[in-house]
Structure formats: C-alpha cells, structure tokens
Amino acid sequence: MTSKRFGIITLVMVMMASMIAACSGSSGKEPASGDSKEKVTFTYFNATAGRDINTNETRIGKILEDQTGVNWKLEHLVGDSNTKIGTFIASNDYPDVIVPDGTIDKLLDAGAFIPLNDLIDKYGPNIKRVYGPYYNLMKAEDGNIYFLPLSAVVGDYLPAPNLEQGAFWVQRRVLKEAGYPKIKTLDEYLALIRNYAKKHADEGLTGYLALTTQDRFYALTNAPMHLAGYPNDGGTIIDMKTHRATDYGDMEITKRYLKELNQLNVEGLFDKSSFVDNYDQYLAKLTSGKVLGFFDYRWQAGQALNNLQEASKQSGNDDMEYIGLPVVYDQNIKDQYIDPSSFVNNRGIGITVSAKDPVRIIKFFDNLLTDENQILSNWGIKGETYDVDKKGRFYRTEEQIKQTGQDAFRESFGFKYFEYSWPRYGSGSTLPDGNSVGPGRQPEVARMSYTEGDKKLLKVYGVESFSQMFSAPDERPWYPAWSIPIAQGSTAQLFQQKKGDLQRKYFPRLVLSAPEQFDAIWNEYTTEFNKLDVKAYEELITKEVAKKIENPGKK
C-alpha cells in the first residue's frame, strides 16, 4: 500500500515537473528537445510594420527549416508599439521571441527576456564568434545578456556606396529644372523648392512634408542636429573635444529649423497634415509624386523610395524619384549624415520567458550565424539570385538586380524576412574572402544597379556613388549615443518622456502659428523645457559616452 502510494506521488511530481518545464521556458528550465530536428513552429513578434507569414512559405525559410526543423510564425506590429508591448507585459504571455525595436527597455524592465549567457556558452559557438568582441556593450548591470543586437560588424568594415541614412531629399525634376546646382545650405535647398513650386503653382504640389507620428517624431526633431553638422546621436549632440552631451531641444539650431518650417507654412508650402497623418499616409504622399522635399532617414522612407524607383525603371522617367542631399545650415559646416562603423546595443532580439524551447531557439540563432547562412539570407542562392566571377567576387546581373529589388519577390524568397531582424552580421560586414555580406555594399552590385538617370546625376556631381556626395564620417567611438540604454523610471528616462510630450504639444503650434506669435510660443516652450531635469539626462549620456570611448568593443 505504502509502495503503491509512493509510486503515485512520484508520478504526479514527475508530471508536474514536466508541465512546469514545458510551460515556463525560463532560465534554467531547458527542455531536452534542444537536439531534436522534429518539425516545430515558434512564434516571433516584430514591433515594426510588415506582413505576417510562416517563414517556411519562403525559399530561405524552407531551407532553414530543412536544416533545423524550425519554422517561425511571424507577427508584425499593427498600431502603436507601446500598446502592443504593454499588452504582452500585462498578460505575462509572450511570443517565443520578440524584436521590440524602441520598446526594448519596457520588456527588460518587466523581466520578459531570459538570460542567454549559459545558452550561448553551451550551444552558441557562432554567436560567441560574432558577438564576443562586443560582450562588454551587451551585458546588463547584473552581468547577463538578455538579447542579441543586430549590428555586430564581422570582418573588415565596408562603407555603403549608396545613402542608407538621413538626408534632405528633393525630387530629381526640381534639380533638373534648376540646372543641377550644388546644394549645401538649408537656404539653398529651400530656395530650390520655392522656385520650383512657384513655377508650377497650378499642379497641386506640396513643397515640404514632415513625418511626426507618435513613435517617429524624431524625424522632425532630429533635423536640426544634422543641419548643425552632427550625426544621428538622437536627442543629443556630443562635443568632439570635451565629449560632453548636450540636449539641443531648446537650442538656437532647433528654433531656426522650426522657424523655417513656420515660414514655409505661411507661404503655403508646408503640408499641415504632417501633424495628423499616420505613417501609411506619409508614405502614400511621398509615393504620389506631389511632394518636392522632406527630411527623413532612407530606411524609414524606403518603401516609398523603392516604389518610385521601381516605377521609374518601368517608365524610363526618374523625375519623381528623390535624391538625398547633405544639407547644413551654413557653408562652413561639415556634414555628418553618414554613420561611422557602430554597434547599436539597445535594439535586438530576445528569447522570452514564455519560450517553449530556448535551447532549440538559440541553436537556430547560432545556425543563422554561419558564413553560408549569412550569404543565403543576404545574397540568396548562387545561380539564381547572384553569381560568382572567376576571381571569387559576388555579383548580380542586371536581371537579378531587377528581380531582387521587387517587393513581391523579396517577400516570396524571404529576403524581406531574414536579412535584418535576426542575429546577423551587421551592416558593413565582410566575408573572409573580402566579399560584402550585404549585396548593397558590394561595389560591383552598386555600379550595375545604377540606371541611366543615376549615372547622369553622378556624372553631373562628379562622384561615382551617391554616398560620395556626403562627407566621410568622423571617428566617434560612442556612436550612436541614442543606443545608450536608459533604465525605465530613471530621472533621465522621465526627462526623455516629458520632453517628448512637451515637443509634441509645442512643435505643431510653432510651425503652424502666425509668424508674429512664434517667439512668444518659443519662449513659453523653452520655459517649460527648462523646468525638466535636462542635466540628469546630459550627465548620464556624457558618462556613458566616456565609458564607450574607454572600452568601445570591436569597430
């Protein structure tokens, strides 16, 4: 009787232990299925817009499933990222992995990610190879690694031939009609737009458009920083000599930009809907061909720019396409739009406490980080989406460039789902044989991809690539300062939040007000701004910049 009772108790305990292991997936609860190649589907949430799909429906995803048995059910953001992430946290029920973009601090604060240290040590030789030089920038205060960033450069750093970052964009027809002048200052840029709009007053054109949605408001606030000759360090500019951080939210460079927009608005050249449009409406306006100029980052306006490029290739007329210009305030300012080699340590992919099998997931991540799978994710399949010449150089034919540039093909093949938001060789990485990991940075591909219109523009401006129109980036070991982690609830984080609220309240008023009201509203804004604890924020960034200078990791 006693033996039978003990057996029942033991069985119940074993069953409970199995259930806990299966359900929790938390650190130290590693299921034994890590070596399995049985087919399994894990869930993945990306806090950016995109199409939901099972990865094994794509060519790349199917190949990776054949290698590992793992399929991913991808879900992308619809609506506001803070709301979606907040829902996960409130329910304590997460997808297996999350790429949270700018909401990563909320998940870390909620304890949503498991520590990866032991998993990497046991199952991640490729992860160690790729991320090892950056461990000092990846560890939290408790010494744990909770997510894998997306920007670890492997091999020699290769700069991009085409613009990938921010710029003041202008339609090509505007430059063409003006005789392709060299544009350096904001005054020259705006004069170009004013002149074209005046000559074509009956065409329903928009002189200037701004992106101001809740989670992309920085597309408005970052412009003054670039106009003053600084790279994208977020809400701060870092002095090159003292390395002190200064928030420029109340500085003259911000006032000057908003005053220029105010004047454009008075002239009927600023799109008032900029302050109410959503992201899709913004992209649709850019794609319409009616907008003459705007400031934004290439990766953020990319969908519209790609659509215009595809349309111009079919029509043979690139008038509606845009070209990015390195516009600054004054002639003596050196532009710094192009990123130096950098490591972004506050974006990445993490395995959640709800993950069904962390061992198998970390092994999938590790398998992605082979040279072969990085080639697969970026170049595709030899003979189909790229070729190799007798010297071992990767290239794409004109037909392959055309095919791999089409959105529908990029989705069905899987480039759109695997070339970025996973553990990866960062942008600018090279393979051991010297080929670029990303086709866009391979000089042979860039040269072959240029249209006749591109070649004409490059010739007119005396450069071989579009990035050569911009100054080379200065060395900044801390770059980018916006990637410095700031704890939720800290004084610095509360300053950022309050500053953002303040600017969302005042900046529309400053741009849309009558000119005679501008200075009074600016004074009201700066009075409120200076009530905030800006010094706490600046001191934190200055302190962390100093740490990065002292111990920058591999660059």
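An account of the accompanying structure is given in this report. (Residues numbered from 1 in each chain as written. Predicted model: local features only at pLDDT ≥ 70, side-chain atom pairs only at ≥ 80, totals over all residues. Heavy atoms only, no water.)

1. Comments concerning the pairing of strand β10 (residues 322-325)
Worth spelling out the cut-off: When a residue's accessible area, from a 1.4 Å probe over protein chains only, is under 20% of the maximum for its type it is buried; when over 50% it is exposed; and in between it is partly exposed. Under the scheme used here, helices are H or I runs from DSSP no shorter than 4 residues and strands are E runs no shorter than 2 residues, and both carry numbers assigned from the N terminus. Strands were regarded as paired on the criterion that DSSP finds at least two bridges between them.
Where burial is concerned, the two faces of β10 agree: the one with Tyr322 and Gly324 and the one with Ile323 and Leu325 are both buried. For strand β5 (residues 166-171) and β10, the ladder comprises 4 bridges, and the chain directions are antiparallel. Its bridge partner being in β10, Phe168 is matched across the sheet by Leu325.

2. What about helix α9 (residues 186-199)?
As a reminder of what qualifies: Expected span of a helix, by definition, is 1.5 Å for each gap between consecutive residues, and there is one gap fewer than residues. Think of it as the arc spanned by the lines of direction from the helix axis to the C-beta atoms.
Compared with the 20 Å implied by 1.5 Å per residue over 14 residues, the 20 Å span of α9 between its first and last C-alpha is a close match. Of all the positions in α9, only Leu186, Tyr189, Leu190, Leu192, Ile193, Tyr196 and Ala197 are classed as buried. For α9, the buried positions fall inside an angular range of 150 degrees around the axis, keeping them on one side. More than 90 degrees from the buried face of α9, the exposed residues found are Lys198 and Lys199.

3. Observations concerning the packing of helix α2 (residues 59-68) against helix α15 (residues 358-368)
Inclusion rule: Axis angles are defined between N-to-C directions and span 0 to 180 degrees, where every axis is a line fitted to C-alpha atoms and, for a helix, only to the segment in contact. Should an angle fall under 35 degrees it is taken as roughly parallel, and over 145 as roughly antiparallel, whereas 65 to 115 is taken as roughly perpendicular and any remaining angle as oblique. Handedness of each helix crossing follows the sense of rotation of the near helix against the far helix: counterclockwise by less than a right angle gives left-handed, clockwise gives right-handed. Working rule for contacts: check all heavy atoms of both residues, and any pair within 4.5 Å makes them a contact.
Remark: α2 packs on α15, axes separated minimally by 11 Å, with the N-to-C direction vectors making an angle of 120 degrees. By the criterion of interaxial angle, the relationship of α2 to α15 is oblique. When the axes of α2 and α15 are compared, the crossing they make is right-handed. Residues Leu64, Gln67 and Thr68 of α2 pack against Arg360, Phe364, Asn367 and Leu368 of α15.

4. A closer look at the nonpolar core
Our working rule: Side-chain atoms within 4.5 Å are what join buried Ala, Val, Leu, Ile, Met, Phe, Trp, Tyr and Cys residues into a set we call a nonpolar core.
With 92 residues, the main nonpolar core has Phe168, Tyr189 and Tyr257 as its most contacted residues. Setting aside anything within four residues of it in sequence, one finds Tyr189 in contact with Phe168, Trp169, Val170, Ile183, Tyr208, Gly293, Phe294, Leu325 and Val327. Judged by nonpolar contacts, the second largest core, of 55 residues, contains Val99, Ile114, Leu137 and Ile401.

5. With respect to the pattern of salt bridges
The condition is simple: Throughout this description, the term salt bridge denotes a Lys or Arg side-chain nitrogen within 4 Å of a carboxyl oxygen of Asp or Glu.
As enumerated under the stated definition, the model contains 30 salt bridges in all. Of the charged contacts, one joins Lys62 and Glu65 as a salt bridge, the two residues approaching to 4.0 Å between their closest N and O atoms. Taken as a pair, Lys62 and Glu65 lie in helix α2 at a separation of 3 residues, close to a single helical turn. Take Lys62: its relative accessible area is 32%, and that puts it in the partly exposed class. Glu65 gets classed as buried once you look at its relative accessible area, which sits at 6%. Among the salt bridges present, the one from Lys255 reaches Asp519, with a minimum N-O distance of 3.7 Å.

6. Some points on unusual backbone geometry
Tyr479 connects to Pro480 through a cis peptide bond whose omega is -5 degrees. Looking at where Pro480 falls in the secondary structure, it is placed in the loop between α21 (452-460) and α22 (491-512). Even without being glycine, Asn92 reaches a positive phi, approximately 55 degrees. The topology assignment puts Asn92 in the loop between α3 (81-91) and β4 (97-99). The backbone phi angle of Asp101 is positive, close to 55 degrees, even though this residue is not glycine.

7. Topic: the packing of helix α12 (residues 252-266) against α22
For clarity, the cut-off: Ten residues, namely Ala, Val, Leu, Ile, Met, Phe, Trp, Tyr, Cys and Pro, are considered nonpolar, four, namely Asp, Glu, Lys and Arg, are considered charged, and the remaining ones, Gly among them, are considered polar.
Between α12 and α22, whose axes approach to 7 Å, the crossing angle comes to 50 degrees. Relative to α22, α12 is oriented oblique. When α12 is examined against α22, the residues Thr254, Leu258, Leu261, Asn262 and Asn265 are found in contact with a partner set consisting of Phe507, Leu510, Val511 and Leu512. Grouping the constituent residues of the contact of α12 with α22 by class yields 6 nonpolar, 3 polar and no charged.

8. A look at the sheet that holds β10
Overall, mixed pairing links the 4 strands, which are arranged β6-β9-β5-β10 in an open sheet. The open sheet terminates on both sides in strands that have one partner only, identified here as β6 (206-209) and β10. Across the sheet, the axes of successive neighbouring strands diverge by a mean angle of 20 degrees, strand direction being ignored. Note that β5 and strand β9 (residues 291-297) share 5 bridges and pair antiparallel. Looking at β9, one finds that Trp169 is bridged to Phe294.

9. As for the packing of aromatic side chains
Working definition: an aromatic ring pair is given by the centre-to-centre distance plus the angle between the planes. We apply this condition: Side-chain rings of Phe, Tyr and Trp, where Trp is taken by its six-membered ring, are said to pair if the distance between their centres is within 6.5 Å; with planes under 30 degrees apart they count as stacked, over 60 as edge-to-face, and otherwise as tilted.
Overall, the coordinates contain 38 aromatic pairs when judged by the stated rule. Geometrically, the ring pair formed by Tyr218 and Tyr297 is tilted, given 6.4 Å between the ring centres and 45 degrees between the ring planes. One end of the pair, Tyr218, is in helix α10 (residues 218-221); the other, Tyr297, is in strand β9, with 79 residues separating them in the sequence. Judged by its relative accessible area of 29%, Tyr218 falls in the partly exposed class. Relative accessible area serves as the criterion here: at 1%, Tyr297 is assigned to the buried category. Where Tyr279 meets Tyr282, the ring centres are 6.5 Å apart and the plane angle is 20 degrees; that geometry is what we call stacked. Of this pair, Tyr279 and Tyr282 both sit in helix α13 (residues 279-287), 3 residues apart, roughly one helical turn. In terms of burial, Tyr279 and Tyr282 fall into one category: buried.

10. A few points about the side chain of Asn373
Rules: Identification of polar contacts relies on pairs of N or O atoms within 3.5 Å, with a donor-acceptor requirement for protein atoms, meaning one able to donate a hydrogen and the other able to accept it, and with residues adjacent in sequence counted only if both atoms are side-chain atoms.
Tracing the chain through its elements places Asn373 in helix α16 (residues 371-378). Residue Asn373 is classed as buried on the basis of its relative accessible area, which comes to 4%. A polar contact is formed between the side chain of Asn373 and the side chain of Gln67, at a distance of 3.0 Å. Beyond its immediate stretch of four places on either side in the chain, Asn373 contacts Leu64, Gln67, Asn367 and Leu368.

11. Description of the sheet that holds strand β3 (residues 70-76)
Either a parallel or an antiparallel arrangement is found when strands of a sheet pair, and the pairing is made through backbone hydrogen bonds. Read across the sheet, 5 strands follow the order β2-β3-β1-β4-β11 without closing on themselves; strand pairing throughout is mixed. The sheet terminates laterally at β2 (53-54) and β11 (350-351), the two strands that pair on one side only. With 2 bridges connecting them, β4 and β11 associate as antiparallel partners. When the bridges of β11 are listed, Ile98 appears paired with Gly350. Of the strands in this sheet, β1 (40-46), β3 and β4 are in contact with α3, which crosses β1 at around 130 degrees.

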